[in-house]
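Structural overview for review
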Amino acid sequence: MTSAQILPILTYPDPRLHKVAEPVALGSGVDARTEQLVADMLATMYDAQGIGLAATQVDVHERLIVIDVSEERNAPLVLINPEVLWASPEKTKGDEGCLSVPGVYDGVERSSSIRIRALDEKGASREIEADGLLAVCIQHEMDHLMGKVFVEYLSPLKRTRIKGKMAKAEREALAGKR
């Protein structure tokens with residue numbers, strides 16, 4: 001494996017963020033390409049100071065997520081082909097942000113706790129029960145795999161304002177490169 005690279009993160013409203021991810025093809029296990037993608041995604045997430053990143057956000061449309069909600073930023077969780085087994089009927093509403101929607105935070109209602117099944121970075125199947133921030137993060141990143149960005153839970157007016165803010169930031173960034 002070569003050293004990890006920082007990948008470009010797609011920003012909302014890029015249409016590629018709305019592509020539904022395909023399962024990671026594993027064949028005889030996790031291959032070198034997937035291992036490299038995991039390393040690159042972790043490096044990208046840490047560099048951007050995020051707590052989660054879906055492959056969709058780096059324009060790879062496969063069901064792969066990396067997460068680290070630890071204070072020390074040293075407990076990476078890799079979820080390959082995750083699936084929700086159970087979600088609590090109890091909901092929690094909390095402010096969410098997203099590396100694909102920089103600088104925007106808003107309240108989203110999600111299940112308070114969930115149980116998922118996924119493969120880890122070695123290809124071993126595991127079940128994870130999560131609540132709190134980890135549950136929110138998993139649900140947020142799994143939405144990305146379904147082509148959904150958290151701002152789609154917000155009102156049409158808020159979405160329009162956010163699109164305008166993102167377009168303005170992109171124009172300013174392009175003007176700065178000239």
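We now turn to the structure provided with this report. In this text the structure is predicted, and so the values were computed from the model without any measurement. (Residues numbered from 1 in each chain as written. Predicted model: local features only at pLDDT ≥ 70, side-chain atom pairs only at ≥ 80, totals over all residues. Heavy atoms only, no water.)

1. A closer look at unusual backbone geometry
Excluding glycine, a negative phi dihedral is what most residues carry, and trans is how most peptide bonds are arranged. Going by this rule: What counts as a helix is a DSSP run of H or I of at least four residues, what counts as a strand is a run of E of at least two, and both are numbered from the N terminus.
Omega for the peptide link from Tyr 12 to Pro 13 comes to 10°, which places this bond in the cis form. Notably, Gln 49 is not glycine yet its phi reads approximately 60°, a positive angle. Structurally, the position occupied by Gln 49 is in the loop between helix 1 (32-47) and strand 1 (52-54). Of note, Asp 59 is a non-glycine position whose phi angle comes to about 65°, a positive value.

2. Notes on the pairing of strand 6 (residues 113-119)
Sheet faces and side chains relate simply in a regular strand, where the side chains alternate between the two faces. The cut-off we apply is this: Three labels apply to residues, based on accessible area from a 1.4 Å probe with only protein chains included: buried if under 20% of the type maximum, exposed if over 50%, partly exposed otherwise in between. A pair of strands counts as paired when DSSP detects no fewer than two bridges linking them.
Counting buried positions along strand 6 gives five out of seven residues, so the element sits mostly inside the fold. In this sheet, strand 6 lies alongside strand 3 (residues 77-87) in antiparallel orientation, the contact comprising five bridges. Bridged to Trp 86 within strand 6 is Arg 115. The pairing of strand 6 with strand 7 (residues 125-131) spans seven bridges and is classified as antiparallel. Its bridge partner lying in strand 7, Ile 114 is registered against Ala 130. The turn joining strand 6 and strand 7, which pair antiparallel and follow one another in sequence, is formed by five residues; a positive phi near 90° is taken by Gly 123.

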